[in-house]
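Breakdown of the fold
Chain residues, written in single-letter form:
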Amino acid sequence: MRALLVDPAAPGSLRLGEADDPRPSAHQVLVRVAAVSLNSGEVKRGLSTAEPGTVLGWDAAGVVERAAADGTGPAVGTPVVTLGAQGAWAELRAVDVDLIGVVPQGADPGAVSTVPVAGASALRALDRLGPVLGRRIVVTGATGGVGRFAVQLARRGGAHVIACTGDPDSHGPSLTSLGAHEVVTDPGRIDGLVDGIVDTVGGRQLVDGFARLTQGGTVVHIGRAAPGPVSFPDGAFAGAPAGHDRALVTFYLLGCHGLGRDLTVLAGMVAAGELEPSIAWRGPWDDAASAVEALLDRRLHGKAVLDLR
Ligand SMILES: NC(=O)c1ccc[n+]([C@@H]2O[C@H](COP(=O)([O-])OP(=O)(O)OC[C@H]3O[C@@H](n4cnc5c(N)ncnc54)[C@H](OP(=O)(O)O)[C@@H]3O)[C@@H](O)[C@H]2O)c1
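Residues numbered from 1 in each chain as written. Predicted model: local features only at pLDDT ≥ 70, side-chain atom pairs only at ≥ 80, totals over all residues. Heavy atoms only, no water.

**Describing the pairing of strand 14 (residues 279-284)**
- As paired elements, strand 14 and strand 15 (residues 303-307) share 5 bridges and run parallel to each other. Along strand 15, the bridge assignment pairs Pro 284 with Asp 307. (Pairing = 2+ DSSP bridges. Helix = DSSP H or I, 4+ residues; strand = E, 2+ residues; numbered from the N terminus.)

**Considering helix 4 (residues 145-156)**
- Look at helix 4: 17 Å from first C-alpha to last across 12 residues, which is about the 16 Å you get at 1.5 Å a residue.
- With 10 of 12 residues buried, helix 4 lies mostly within the body of the structure. (Expected span 1.5 Å × (residues − 1). Buried < 20%, exposed > 50% of the residue type's maximum accessible area, 1.4 Å probe, protein only.)

**With respect to a positive patch on the surface**
- A cluster of basic side chains, namely Lys 44, Arg 45, Arg 224 and Arg 298, defines a positive patch on the protein surface.
- Topologically, Arg 298 is positioned in the loop between helix 8 (288-296) and strand 15.
- On the accessibility criterion, Arg 298 (64% relative accessible area) is exposed. (Patch = residues over 30% accessible without salt bridge, like charges linked within 9 Å, V, L, I, M, F, W, Y side chains within 5 Å. Areas by Shrake-Rupley, 256 points an atom, 1.4 Å probe, with all protein chains shown as cover. Salt bridge = Lys/Arg side-chain N within 4 Å of Asp/Glu carboxyl O. Lys, Arg positive; Asp, Glu negative; His and termini not counted. Charge placed at Lys NZ, Arg CZ, Asp CG, Glu CD.)

**Digging into the sheet that holds strand 10 (residues 182-184)**
- Reading across the sheet, the 6 strands line up as 10-9-8-11-12-13 and stay open at both edges, with parallel pairing between neighbours. At either end of the open sheet lies a strand with only one pairing partner, and these are strand 10 and strand 13 (247-250). Between one strand axis and the next, the sheet turns through 15 degrees on average, direction left out of account.
- One ladder, built from 3 bridges, connects strand 8 (residues 136-139) with strand 11 (residues 194-199); its direction is parallel. (Axes fitted to C-alpha atoms, helices over the stretch in contact; angles between N-to-C directions.)

**Quick notes on the nonpolar core**
- By size, the foremost hydrophobic cluster in this structure holds 53 residues, and its most contacted members are Leu 126, Val 151 and Leu 153.
- The leading source of residues in this core is helix 3 (residues 115-129), at 9 residues.
- Residue assignment places this core across two domains, with domain 1 (2-114 + 277-307) and domain 2 (118-253) each supplying three or more.
- For Val 151, the residues in contact, after removing those within four places along its chain, are Val 139, Ala 142, Val 161, Ala 163, Leu 175, Leu 178, Gly 179 and Ala 180. (Core = buried A, V, L, I, M, F, W, Y, C linked by side-chain atoms within 4.5 Å. Domains from an automatic or database assignment. Contact = heavy atoms within 4.5 Å.)

**Points about helix 7 (residues 259-271)**
- A rise of 1.5 Å per residue sets the reference length of helix 7, with its 13 residues, at 18 Å; its end C-alpha atoms lie 18 Å apart and thus fit the reference within 8%.
- Those residues of helix 7 not exposed but buried are Leu 259, Gly 260, Asp 262, Leu 263, Leu 266, Ala 267, Met 269 and Val 270.
- The elements touched by buried residues of helix 7 are strand 5 (79-83), strand 7 (100-102), helix 2 (109-112), helix 3 and helix 4.
- Following helix 7 by one or two positions, Gly 273 adopts a phi angle in the positive range, close to 80 degrees.

**A few points about the site of the ligand**
- Close to the ligand lie 26 residues; Thr 143, Gly 145, Thr 165, Gly 166 and Leu 253 are nearest.
- Between the ligand and the protein, one listed contact pairs a nitrogen atom with a backbone N or O atom of Ala 225 at 3.1 Å.
- In this structure, Phe 251 approaches the ligand through a main-chain N or O atom, which is 2.9 Å from a nitrogen atom.
- Protein chains bury 86% of the 910 Å² of accessible surface belonging to the ligand in isolation. (Near = heavy atom within 4 Å. Polar contact = N/O pair within 3.5 Å; in protein donor to acceptor, adjacent residues only side chain to side chain.)

**Some remarks on the UniProt feature "domain: Enoyl reductase (ER)" (unreviewed entry) in the chain**
- The positions that UniProt labels "domain: Enoyl reductase (ER)" (unreviewed entry) are, in the present scheme, residues 9-306.
- Measuring from the first to the last C-alpha atom of residues 9-306 gives 21 Å, for a span that is 28% helix and 26% strand. (UniProt positions renumbered as here; feature names shortened; annotations may be inferred.)

**Quick look at the environment of Gly 134**
- Within the fold, Gly 134 resides in the loop between helix 3 and strand 8.
- Take Gly 134: its relative accessible area is 63%, and that puts it in the exposed class.
- If sequence neighbours within four positions are ignored, Gly 134 has contacts with Gly 158 and Ala 159.

**A word on the pattern of salt bridges**
- Counted according to the given criterion, the structure contains 11 salt bridges.
- Between Arg 124 and Asp 262 there is a salt bridge, with its nearest N and O atoms 2.8 Å apart. Here Arg 124, found in helix 3, pairs with Asp 262, found in helix 7; they are 138 residues apart in sequence, far enough to count as distant.
- With a relative accessible area of 7%, Asp 262 lands in the buried category.
- Between Asp 286 and Arg 309 there is a salt bridge whose closest N-O contact spans 2.9 Å.

What follows is the structure in structure tokens.
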């Protein structure tokens, strides 16, 4: 099969080449991939640390080519969206039946390919915050893949949504159209206290966000778009009259259970036009280098989608 292979000497560290077809285990489905989306983590860390020749990739959408040998999962011909630790950037992907969402017939595979990591992370982080109806919810890195889904899902849940972006002038209108009530540069600029935070940036934004939590509030720390040491001031974790019982929780998507159902729900919402996939770059997979470079240069504010051809 053809696949995007890690190649440190190639533009974007990716080369379209030949790889062995995957051999599914009994509980895996073989999927013919039509489109994939890129995620920050696999591009920023995966490409620089993987062995040459590795087939990376977490998100892929396509059609079931061969059903799972154990009789579970979708049948041959079913349109699906898939999640896994690697192997998405290829014509064929073996994927666990538990990490597959069923997609409505006729849905754009590129649009639904944005869902697995970004959409499911946003959904699970909001789940962790509990009911958001009437709550003040902050999303840091709101222009990113996870952030744009989190803004929309929080708004659908009835939250007052505060979106953070380094450039509110440029991105304010699009974030507002996705459902944000307020757009600010960072949690340090928020007036008043907040109930929950979906944090994809870390660093100073994590520290300032935690300081603004109300009693019973939670920060779900998903990612470190701004990597580096995090330093909380002395007393940050002490109880206070206005901010008692606050929580800071970590997050790891592939450690979550029952993700297949989430993928089905999210893909259905995207297909129905109820959730905007926020595709910022789309092109053929032999131009993956352009997408990778845009992501690394922080020129992407949304998802990058590669169509296989
Ligand atoms: N733990 C997990 O299971 C899990 C799951 C999904 C994602 N993640 C992590 O979550 C983070 C966000 O993922 P994503 O896919 O949404 O990333 P993304 O699409 O690259 O978006 C990140 C956003 O963060 C903002 N940002 C602020 N400071 C930044 C900096 N110094 N460099 C780059 N961006 C910066 C950018 O918005 P502005 O330019 O508008 O400020 C950008 O749009 C990543 O660290 C990723 O690895 C973790």
